[in-house]
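A closer look at the structure
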Amino acid sequence: MSIPNHILEQLNSQADLISIIGRHTTLKRAGNEYKGCCPFHGEKSPSFYVNPQKNIYHCFGCGVGGNAISFLRDYESLTFIEAVNELSKQTGIEVPQEEQRNVSYQRTKQPPTTKPAAQPISKSQADNPSSPHTSFDNQEQTSHTHYAEQPAYDSHGYDDYPPLAASYDLAPYAAEDYGSNYPNDASYPPAWLSDSDSGMGFDSVNSINDGALDQEGNLYDLLEQIQQFYQHNLTTHPHAKHYFLSRGITEDTFETFGLGYAPFGWQHLEHQFPQDIEGLKALGLVRQSESGRDYDLLRDRVIFPIRDNQGRTIGFGGRALDDEVKPKYINSSDSPVFHKQHVLYGYYESRQQRADSWLVVEGYMDVIALYQAGIYGAVASMGTAINESQISRLLTLNPTLTLSFDGDSAGQKAAWRTLEVALPVLSDDKELRFLTLPNGHDPDTFIKAQGSDAMREQIINAMPLSQYIFAYLSERHDLSLAEGKAKLMSQVRSLTAALPKGSSFRYLLNNDIYQKLGGRRNQNKDAKDALLDFDGEMTISQQLQLCFLFQPRALLDDPIESIWRQAGIHDLQLPAHIRQKTSADTLRPLAWQDLQDNELLDIVSTITRCLKYLPADVNAAAHFVMSNVQPGTQENLSRSWSGFYRALTARNILSLDGLIEELVSQLLERSMKKKIQDLIKNPDHIKLAIVRKQTQLLNDWLRAQQAEQSAQMTTV
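Conventions adopted
Residues numbered from 1 in each chain as written. Predicted model: local features only at pLDDT ≥ 70, side-chain atom pairs only at ≥ 80, totals over all residues. Heavy atoms only, no water. Salt bridge = Lys/Arg side-chain N within 4 Å of Asp/Glu carboxyl O. Helix = DSSP H or I, 4+ residues; strand = E, 2+ residues; numbered from the N terminus. Buried < 20%, exposed > 50% of the residue type's maximum accessible area, 1.4 Å probe, protein only. Pairing = 2+ DSSP bridges. Axes fitted to C-alpha atoms, helices over the stretch in contact; angles between N-to-C directions. Contact = heavy atoms within 4.5 Å. Core = buried A, V, L, I, M, F, W, Y, C linked by side-chain atoms within 4.5 Å. Arc of directions from axis to C-beta. Polar contact = N/O pair within 3.5 Å; in protein donor to acceptor, adjacent residues only side chain to side chain. Parallel < 35°, antiparallel > 145°, perpendicular 65-115°, else oblique. Left-handed = near helix turned anticlockwise from the far one by under 90°. Nonpolar A, V, L, I, M, F, W, Y, C, P; charged D, E, K, R; others polar. 1 Å grid on protein atoms, 1.4 Å probe; cavity = no way out; pocket = protein on both sides within 12 Å on 5 of 7 lines; lining within 4 Å. Points joined across faces, edges and corners; volume = space filled by probe spheres on them. Phe/Tyr/Trp six-rings, centres within 6.5 Å; stacked < 30°, edge-to-face > 60°. Lys NZ or Arg CZ within 6 Å of the ring centre and 35° of its normal.

Time to look at the pattern of salt bridges. Inspection of every chain in the model, using the stated rule, returns 18 salt bridges. Arg-639 is the partner of Glu-635 in a salt bridge, and the nearest nitrogen-oxygen pair spans 3.6 Å. With Glu-635 and Arg-639 both in helix 30 (residues 631-650), this residue pair falls four residues apart, about one helical turn. Arg-639 gets classed as exposed once you look at its relative accessible area, which sits at 58%. One continuous salt-bridge network, built from bridges that share partners, spans Glu-9, Asp-308 and Arg-312.

Leave glycine aside and you will find that most residues have negative phi; peptide bonds, for their part, are mostly trans. Along the chain, Lys-326 connects to Pro-327 via a cis peptide bond; the corresponding omega equals 0 degrees. For Pro-327, the location among the structural elements is in the loop between strand 12 (313-320) and strand 13 (329-331). Positive phi, normally seen in glycine, also occurs at Arg-354, with a value near 55 degrees. One can find Arg-354 in the loop between helix 14 (347-352) and strand 15 (358-361).

With respect to topology, four strands assemble into an open sheet ordered 8-11-12-13, the strand pairing being antiparallel. The two strands at the open ends of the sheet, each matched to only one other strand, are strand 8 (260-262) and strand 13. On average, adjacent strands in this sheet sit at an angle of 35 degrees to one another, irrespective of strand direction. In this sheet, strand 11 (residues 301-307) lies alongside strand 8 in antiparallel orientation, the contact comprising three bridges. The partner of Ala-262 across the bridge, within strand 11, is Arg-301. Of the strands in this sheet, strand 8, strand 11 and strand 12 touch helix 9 (residues 219-236), which is tilted by about 30 degrees from strand 12. Packed onto the sheet, helix 15 (residues 364-372) meets strand 11, strand 12 and strand 13 and runs at close to 75 degrees relative to strand 11.

Our focus in this paragraph is the sheet that holds strand 2 (residues 33-36). Adjacent strands of a sheet pair through backbone hydrogen bonds, lying either parallel or antiparallel. Read across the open sheet, the five strands follow the order 1-2-3-4-5; overall the sheet is antiparallel. The open sheet has two edge strands with one neighbour each: strand 1 (28-30) and strand 5 (65-66).

So, on to the nonpolar core. Membership of the largest hydrophobic core comes to 59 residues, with the highest contact counts inside it found for Ile-226, Leu-259, Phe-304 and Tyr-345. Once you skip the residues sitting within four places of it in the chain, Leu-259 turns out to touch Gln-231, Leu-234, Phe-244, Ile-249, Thr-253, Phe-254, Ile-303, Phe-304, Pro-305, Tyr-345 and Ile-368. With 52 residues, the next largest nonpolar core counts Met-538, Leu-544, Leu-546 and Phe-550 among its residues.

A few words on helix 10 (residues 238-246). Ala-240, Tyr-243 and Phe-244 are the residues of helix 10 that are buried. Buried residues of helix 10, seen end-on, are gathered within an arc of 90 degrees and therefore sit on one face of the element. Across from the buried face of helix 10, at angles greater than 90 degrees, the exposed residues are Pro-238 and His-242. Positive backbone phi, approximately 85 degrees, marks Gly-248, located one or two places after helix 10.

Attention now moves to the pairing of strand 4 (residues 56-59). Burial along strand 4 is one-sided: the face carrying Tyr-57 and Cys-59 is buried and the face carrying Ile-56 and His-58 is not. For strand 3 (residues 48-51) and strand 4, the ladder comprises four bridges, and the chain directions are antiparallel. Pairing of Asn-51 across the sheet is with Ile-56, part of strand 4. In this structure, the hairpin formed by strand 3 and strand 4 is closed by a connection of four residues, where Asn-55 is found at a positive phi of approximately 60 degrees. Relative to strand 5, strand 4 runs antiparallel, the two sharing two bridges.

Once that is clear, we can look at helix 25 (residues 559-566). Those residues of helix 25 that sit buried are Pro-559, Ile-560, Ser-562, Ile-563 and Trp-564. If you check the start of helix 25, you find a side-chain oxygen 2.8 Å away from the backbone N of Ile-560, and it comes from Asp-558.

Moving on, we come to the packing of helix 24 (residues 540-550) against helix 28 (residues 598-610). Axis separation between helix 24 and helix 28 bottoms out at 10 Å; the angle between their running directions is 15 degrees. Relative to helix 28, the element helix 24 lies roughly parallel. In terms of crossing hand, the pair formed by helix 24 and helix 28 is left-handed. Two secondary-structure elements touch here, helix 24 through Ser-541, Leu-544, Gln-545, Phe-548 and Leu-549 and helix 28 through Glu-599, Leu-600, Ile-603, Val-604 and Ile-607. Here the contact of helix 24 with helix 28 is composed, by residue class, of seven nonpolar, two polar and one charged.

Looking now at empty space enclosed by the protein. Tallying each qualifying case throughout the model produces nine cavities of 30 Å³ or more. Reported here for the largest cavity is a volume of approximately 130 Å³. Lining the largest cavity we find 15 residues, and of these Gln-10, Gln-14, Asp-308, Ile-314 and Val-337 sit closest to its centre. Looking at the lining of the largest cavity, the element that brings in the most residues is helix 1 (residues 5-14), giving three residues. The calculated volume of the second largest cavity comes to roughly 90 Å³. Every residue along the wall of the second largest cavity is listed here: Gln-14, Arg-307, Asp-308, Asn-309, His-342, Val-343, Leu-344, Tyr-347, Gln-390 and Arg-393. For the lining of the second largest cavity, the residue count by class is three nonpolar, four polar and three charged.

So, on to the packing of aromatic side chains. Scanning the model with the defined rule gives 33 aromatic pairs in all. Summarising the aromatic geometry, the rings of Phe-229 and Tyr-230 are spaced 5.7 Å apart at their centres and angled 35 degrees between planes, so their arrangement reads as tilted. Tyr-230 carries the same exposure label as Phe-229, and that label is buried. For the pair Trp-416 and Tyr-468, a centre-to-centre distance of 6.4 Å together with 35 degrees between the ring planes defines the contact as tilted. In this pair, Trp-416 is assigned in helix 17 (residues 409-422) and Tyr-468 in helix 20 (residues 465-474), connecting sequence segments 52 residues apart. When its relative accessible area of 8% is taken as the criterion, Trp-416 is described as buried. Judged by relative accessible area, Tyr-468 falls into the buried class, the value being 6%. Above the face of the Tyr-220 ring, Arg-312 is positioned so that its terminal group lies 4.1 Å from the ring centre. Sitting over the ring of Tyr-472, Arg-476 keeps its end group 3.5 Å from the ring centre.

None of this, on its own, says anything about what the molecule does.
What follows is the structure, encoded as C-alpha cells:
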C-alpha cells in the first residue's frame, strides 16, 4: 500500500515520541530536549537525545537516529505498515486505504477571464439580475447590497454548536434558507454574481500565474501564496487593519502571525489564482453552489493563518468585522493537509519562543494577546474541543497544563469536557490547573485591563484539578442532603476510574473529596487554619469583616438573630412580675450597633444595602462592597483582602458558615460580659437578672455546639 508523504509527515509530527521512547528508557528534561541512556546500545552515561519540537531522536554514542516510525520499526520490530497503523491509532490521523488524497493538484493554463465592459441596463434587467445582459459593474453593486444576507456556513465553538460537517459539506444551499430575496433561484450565491474587490495590485502573487506553468501544483505552496495575498490585502484595506489596531495588535504581531484580510467579493481567489481552481477547491476555500457557481468561503473577514508544527500554512480562520454577522468565526474545512482535530493554533509560534509552560485558551485573539504580552505557550483548538493526543503532547512538554475557559455556562462545560478527556493521560507526575478570570474577562480583555503581570499572577494561582472538581460538582448537588453528597461522590468515582492504571491520584482524590464531604466541621477547621496561616494576629472583628466580604450571603439571615433563635434566647421564660417591669428594649436581640464596632457595622450595613446588586464572582463582589464603605474601613480592608482571598481559595474553602457563626458567637459572648459589668457598676437588678439568664442560654448553646463537633471528630 502506498501512503502519501504528507500523511507520513503528519503521523511523525503528531506522534508522542517522548512517551513512545519512554516505554523503553528513562528520559529526563535537558533544556528544550530530553536525554537518557540509549535503548539501542548499552551505556552508562546518557548520550541519547529526543527533540520534541522536531519529533526526532539521535544517539551520539552509536549514531542511531530517526523519527517515530523509524523507532517503532528499528526498536519494537514492527513492519512499516504496522508502525504507521500504530501511530494512526495514537494520533487519530486516518491513513487512507488507497492513495486518494494528495498534496498535488492539476493546474490549468487558461488565462483569467477578462471583464466585459459595463453596458447600460434596462429597469427589467435590474429587476431580474439573473438576466445574461446584466452588466458586471451592476453585479458588483448588487453583490454588496445582498452581502449582509449571506448564509452561515460554519461555527467556531464547542460541541453545543452545529457539527462542522453539517455546517459545511452537508448544508443545502436552498433559496428558502436565505430569505425571500432570491425567489426565482434555487442556488446561492445567485447565478448572476461575479467578483468584486478582488484585491488587484498584488503583483507578487499574480506574477506566478503568468508565463510557463508546471502542470502540477502543490497545496502547501498554494496555501503560502494565499496567505501572502491575504496579508497584502491588510495593507490596502484600512478598515480591516483598523480592526486589529483597535484590538491593540502591533505591526510586529501582524508579521509574526501573518494576519491578513479576505476582501469583499464572491470570487476574489479565483480571479487571483485562476490556474489553481482545483487546488482552491481541494482546500475548501472555494465552494460550489447547487447551480454550479463557484464562490469563496472567506469574504470580508480578517484572516488568521493556521500553521502546522513545521510552520507551514495549512488553513485559515476568518473573523467577521461586524459582531452582528453570524457566524462570527469560520475555519477552512479539513483538507489533505489540514485536520482540525490535530492542530493547535499558536503552537508553532510558541515553540519558536521556546515556551516552557502551556495554557489552553478559547480564541485566536487570546493566543495573540498573550504572545504579544510576552506570555508564550498559549494555544487554542480549531473550533472543536481539545483532544487526548493534544493534551498528552502538551503535558510532555511541561508536566503542568493550565486550561483557561470563560466563566459562563458554555465555557465551564467546555472546561469539564476537557477535564474528562485529559484524565486517561494524567499520570501521577502530570497536573491540570483551571483558570477562570474575574469579572467575565478572557485573556485578551484581562491583559488590556490589568496588564501582563496581573495575567501571570492569575496563571500562577490557577485552581488545581482536585479543587476544581469539588467546586464544579458542589454547585450542582445539594450537599446539605446525604443524597446530594452520594451523587457527588458517585461522579467523582466515575471520573477517577478514567485515570491511568495504578494511579495514586485516584485514591488521593477520592479520599480528599470524601473528607470534604465530612460536613461543616471540616470546612470550618480548614477555614480557621487558613485564617491562622494568613494572619494570626487579626482581631475577631477584622476576621469577621473579611469573612463577610468573602461570603456576603451570610447576611441574608442575620447571624446574630439566628444565634439568638438557636440558643432559645428569643423565647426567654420570665416570671410575670419581672416581665411586667421589663422594657421591650431589654428583651430584644443584640444588634450590630450594640457591639460598638464602627468598621464592622459599616461592612454589615453596606453589604445588607447592596446585597441584591453584588456580582456573582467572589472577588468582584468584595471590591464592589469595598468601594461603598467609609474610606477608613476601605483602607484597612484593602490591605488584607488579597492575601485573605488567596489563603481561602488555595484551600478550596467554599463555605464560611461555621466560621462566621463561631466568630459572631465570640463577639456576642464578649458583648454580654461587658453588658453585665456595666450593669454591676450601675445597678439595675431586673436588667442584670435578664442579661445573666441570656448569657447562660448562650453559653449552654455554645457548649452543646462544641460537644457536637467533638462527637463528629470521633465518628468521621
